[in-house]
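Architecture and fold: a report
So you can see what is in the structure, the chains are spelled out below.
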Amino acid sequence: MSEQHPSPWNVANAVTMARIALVPVFAWALLVDGGQSVTWRLVATGVFVVAALSDRLDGHLARSRGLVTDLGKLLDPIADKALVGAALVLLWWPLDELPWWVPAVILVRELGITAMRMVLLRYAVMPASRGGKIKTVLQTVAITVFLLPLDHLPDLVRLTAWVVMVAAIAVTVVTGVDYAAQGWRLRRAARAGAPGTPAV
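Residues numbered from 1 in each chain as written. Predicted model: local features only at pLDDT ≥ 70, side-chain atom pairs only at ≥ 80, totals over all residues. Heavy atoms only, no water.

Focus: the overall build of the protein
The secondary structure content of the protein amounts to six helices and zero strands. Its helices and strands taken in sequence order, the protein reads α-α-α-α-α-α from the N to the C terminus. When the backbone C-alpha atoms are referred to their principal axes, the protein occupies close to 60 × 35 × 25 Å. The buried share of the protein, taken over its 200 residues, is 39%. Contacts in the protein between residues at least 24 apart in sequence constitute 75% of all its contacts with a sequence separation of at least 6. Summed over all atoms, the accessible surface of the protein reaches about 11500 Å², with 69% contributed by carbon and sulfur. Charged side chains in the protein number 18 positive and 13 negative. The centres of these two groups are separated by 12 Å. (Helix = DSSP H or I, 4+ residues; strand = E, 2+ residues; numbered from the N terminus. Buried < 20%, exposed > 50% of the residue type's maximum accessible area, 1.4 Å probe, protein only. Contact = heavy atoms within 4.5 Å. Areas by Shrake-Rupley, 256 points an atom, 1.4 Å probe, with all protein chains shown as cover. Lys, Arg positive; Asp, Glu negative; His and termini not counted. Charge placed at Lys NZ, Arg CZ, Asp CG, Glu CD.)

Structure (structure tokens):
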């Protein structure tokens, strides 16, 4: 009896697609009145938080209901990178609230590791490490605080935003180097013909 595969048109993938659809909504809300509207900054922050939290929801639904599909594996990182990328790039330009190197460092790492994982799929799956999960949380928290109308909040909030962002960048770089080293070892072992080499 052939193994049945879940349909790509399922609730988990629908949540992922909704997250992608929220990206332009988030971007529009953030840029209303040149990003100076307190109300719309709060709306944009709310949309970002909802979209970010939906990442946990679609993953839980896919695993708990046996709805893991190739489409979901493709769409999930696209949705994540689109959301984080849109927030970081818009905070840099046109809002000029982050220096250019912040989105550059984070996005180069994210896109590079995603591309490497896709290339290495022929050998093995590289699971997310604990450091990678901490990186995601730090990035999400830092971006969320930067999205707030900081000019209307105490200076301590802006300081907190920078402390968390610097921590996020540090963990982003460290885990990126670690993933790259893992990928290199995995590829070298696979090309040497070592059977059953696990991803660490």
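Section: the nonpolar core
Counting residues in each nonpolar core, the largest one holds 34 residues, and the members touching the most others are Phe-26, Leu-88, Ile-143 and Met-165. Listed by contribution, the elements that provide at least two residues to this core are helix H1 (11-31), helix H2 (38-64), helix H3 (70-92), helix H4 (101-120), helix H5 (130-147) and helix H6 (155-191). It is H3 that provides the largest number of residues to this core, a total of seven residues. For Phe-26, the residues in contact, after removing those within four places along its chain, are Ala-44, Val-47, Phe-48, Ala-86, Ala-87 and Leu-147. (Core = buried A, V, L, I, M, F, W, Y, C linked by side-chain atoms within 4.5 Å.)

Topic: the pattern of salt bridges
If you walk through the whole model with that rule in mind, you get nine salt bridges. Between Asp-55 and Arg-19 there is a salt bridge, and its shortest N-O distance comes to 3.3 Å. Of this pair, Asp-55 sits in helix H2 while Arg-19 sits in helix H1, and the two are 36 residues apart along the sequence. The exposure class of Asp-55 is partly exposed, given its relative accessible area of 23%. Across the pair Asp-151 and Arg-158 runs a salt bridge, and its minimum N-O distance is 2.8 Å. Judged by its relative accessible area of 62%, Asp-151 is exposed. Via salt bridges that share partners, Arg-19, Asp-55, Asp-58, Asp-76 and Asp-80 belong to a single interconnected network. (Salt bridge = Lys/Arg side-chain N within 4 Å of Asp/Glu carboxyl O.)

A word on a nonpolar patch on the surface
A surface patch of nonpolar side chains, amounting to about 490 Å² of accessible area, comprises Leu-74, Ile-78, Met-118, Leu-121 and Val-125. Mapped onto the fold, Leu-121 is located in the loop between H4 and H5. Among the residues examined, Leu-121 registers a relative accessible area of 52% and is labelled exposed. (Patch = residues over 30% accessible without salt bridge, like charges linked within 9 Å, V, L, I, M, F, W, Y side chains within 5 Å.)

Observations concerning the packing of aromatic side chains
Taken as a whole and assessed by the stated rule, the structure comprises three aromatic pairs. An angle of 80 degrees between the planes, with centres 4.9 Å apart, marks the rings of Trp-28 and Trp-40 as edge-to-face. With Trp-28 in helix H1 and Trp-40 in helix H2, this residue pair connects regions lying twelve residues apart in the sequence. Take Trp-40: its relative accessible area is 31%, and that puts it in the partly exposed class. (Phe/Tyr/Trp six-rings, centres within 6.5 Å; stacked < 30°, edge-to-face > 60°.)

Thoughts on H1
Over its 21 residues, H1 runs 31 Å from end to end, which matches the ideal 30 Å to within 8%, given 1.5 Å per residue. At Leu-22, H1 is bent by approximately 25 degrees, the largest bend along its length, and proline Pro-24 sits one to four residues beyond. Residues of H1 that are buried: Ala-12, Asn-13, Val-15, Thr-16, Arg-19, Val-23, Phe-26, Ala-27, Ala-29 and Leu-30. Considering only its buried residues, H1 is in contact with H2, H3 and H5. Of the residues flanking the start of H1, the one acting as N-cap is Asn-10, its side-chain oxygen 3.0 Å from the backbone nitrogen of Ala-12. (Expected span 1.5 Å × (residues − 1). Bend = angle between axes of the 7 residues up to and from the residue. Polar contact = N/O pair within 3.5 Å; in protein donor to acceptor, adjacent residues only side chain to side chain.)

Looking at the side chain of Glu-110
Relative to the helices and strands, Glu-110 is located in helix H4. At 2.9 Å, the side chain of Glu-110 forms a polar contact with the side chain of Lys-135. With sequence-adjacent residues up to four places away left out, Glu-110 is seen in contact with Lys-81, Lys-135, Gln-139 and Thr-172.

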